[in-house]
Amino acid sequence: VVIDLAVDRDAFDALVAGANTAMVIVTASDGRARAGCLVGFHAQSSIEPARYAVWISKANRTYRVAERSTHLVIHFLDERNRPLAELFGSETGDEIDKFALADWEPGPDGVPKLADCVTRVVVRRVALVDHGGDHVCIESEPVEASTRPDYRPLRYAAVKELDPGHPVD
Ligand SMILES: Cc1cc2nc3c(=O)[nH]c(=O)nc-3n(C[C@H](O)[C@H](O)[C@H](O)COP(=O)(O)O)c2cc1C
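To keep things clear, this report deals only with the structure shown in the data block. Computed from a predicted model, the values in this text were never measured in an experiment.

1. Digging into the overall build of the protein
Then step 1. A count of helices and strands for the protein gives four helices and nine strands.
Then step 2. Each helix (α) and strand (β) of the protein, taken in turn from the N terminus, gives the series α-β-β-β-β-α-β-α-β-β-β-β-α.
Then step 3. In terms of C-alpha radius of gyration, the protein reaches 16 Å, essentially the compact-globule figure of 15 Å for 169 residues.
Then step 4. Viewed in the frame of its principal axes, the protein has a C-alpha envelope of about 50 × 35 × 30 Å.
Then step 5. Buried positions account for 37% of the 169 residues belonging to the protein.

2. What to know about the state of the cysteines
Working definition: the covalent bond between the sulfur atoms of two cysteines is a disulfide.
Then step 1. A full pass over the atoms with the stated rule returns zero disulfides.
Then step 2. The structure places no disulfide on cysteine 37, whose sulfur is separated from the nearest cysteine sulfur, that of cysteine 137, by 14 Å.
Then step 3. Judged by its relative accessible area of 9%, cysteine 137 falls in the buried class.

3. Details of the environment of valine 73
Then step 1. Secondary-structure assignment places valine 73 in strand β5 (residues 71-76).
Then step 2. When its relative accessible area of 0% is taken as the criterion, valine 73 is described as buried.
Then step 3. Beyond its immediate chain neighbours, meaning those up to four positions away, valine 73 contacts Ile25, Val26, Thr27, Val111, Pro112, Lys113, Arg120, Val121 and Val122.

4. What about the site of the ligand?
Then step 1. Taken together, 26 residues lie around the ligand, and Ser57, Thr62, Glu91, Thr92 and Gly93 are the ones closest in.
Then step 2. Side-chain polar atom of asparagine 60 to an oxygen atom of the ligand: 2.9 Å apart, as the coordinates give it.
Then step 3. Backbone polar atom of glutamate 91 to an oxygen atom of the ligand: 2.7 Å apart, as the coordinates give it.
Then step 4. Relative to its unbound accessible surface of 650 Å², the ligand loses 93% to contact with the protein.
Then step 5. More than half of the atoms belonging to the ligand lie within 2 Å of the grid points that define the largest pocket.
Then step 6. Listed by contribution, the elements that provide at least two residues to the shell around the ligand are β2 (34-39), β4 (51-57), α2 (61-66), α3 (82-90) and α4 (156-159).
Then step 7. A per-element tally of the shell around the ligand places β2 first, with four residues.

The rules we used
- Residues numbered from 1 in each chain as written.
- Predicted model: local features only at pLDDT ≥ 70, side-chain atom pairs only at ≥ 80, totals over all residues.
- Heavy atoms only, no water.
- Helix = DSSP H or I, 4+ residues; strand = E, 2+ residues; numbered from the N terminus.
- Rg over C-alpha atoms; globule rule 2.2 N^0.38 Å.
- Buried < 20%, exposed > 50% of the residue type's maximum accessible area, 1.4 Å probe, protein only.
- Disulfide = S-S within 2.5 Å.
- Contact = heavy atoms within 4.5 Å.
- Near = heavy atom within 4 Å.
- Polar contact = N/O pair within 3.5 Å; in protein donor to acceptor, adjacent residues only side chain to side chain.
- Areas by Shrake-Rupley, 256 points an atom, 1.4 Å probe, with all protein chains shown as cover.
- 1 Å grid on protein atoms, 1.4 Å probe; cavity = no way out; pocket = protein on both sides within 12 Å on 5 of 7 lines; lining within 4 Å.
- Sits in = over half its atoms within 2 Å of the grid points.

As structure tokens, then:
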């Protein structure tokens, strides 16, 4: 079925929502401030060398910290991490300290690793690309990864009703 996007943007939105992406939380630290948010826009972007890309909204506090960060942690949320998804997706660090409400430990350059989510990749930034949209792409190389054998991804369908803490204008 071919649908003319100029007429029906809803078809694009439904297609993307139907892919039901696994959700992640991206955390950042510039050595002083910490930040993190729920992210649905993310993907592996190269095999050799290994690269991973995330797209962060310019409206988010996480963007303002991440653009000064050397490292990020990409936490692949498990179904059991729904409370973390609510905290990092529905609240903004401009108003509350999310890291006072979650257990974490510092990784490289102070970037927070969330204790309740061991399915995660620590990455070092290689590029930040602003194509003029409302999100910027941060592409990075993995430096550390850990997983659990019984990882069950928390997917978009389970969190789509959350109100983002920082809506895109
Ligand atoms: C289902 C869902 C998906 C989201 N995907 C993204 C995303 O891909 N990139 C992003 O920057 N923010 C995304 N957000 C929004 C942020 O997680 C949210 O606005 C957060 O409160 C921002 O926090 P901050 O201001 O502390 O950075 C998403 C939110 C929800 C509910």
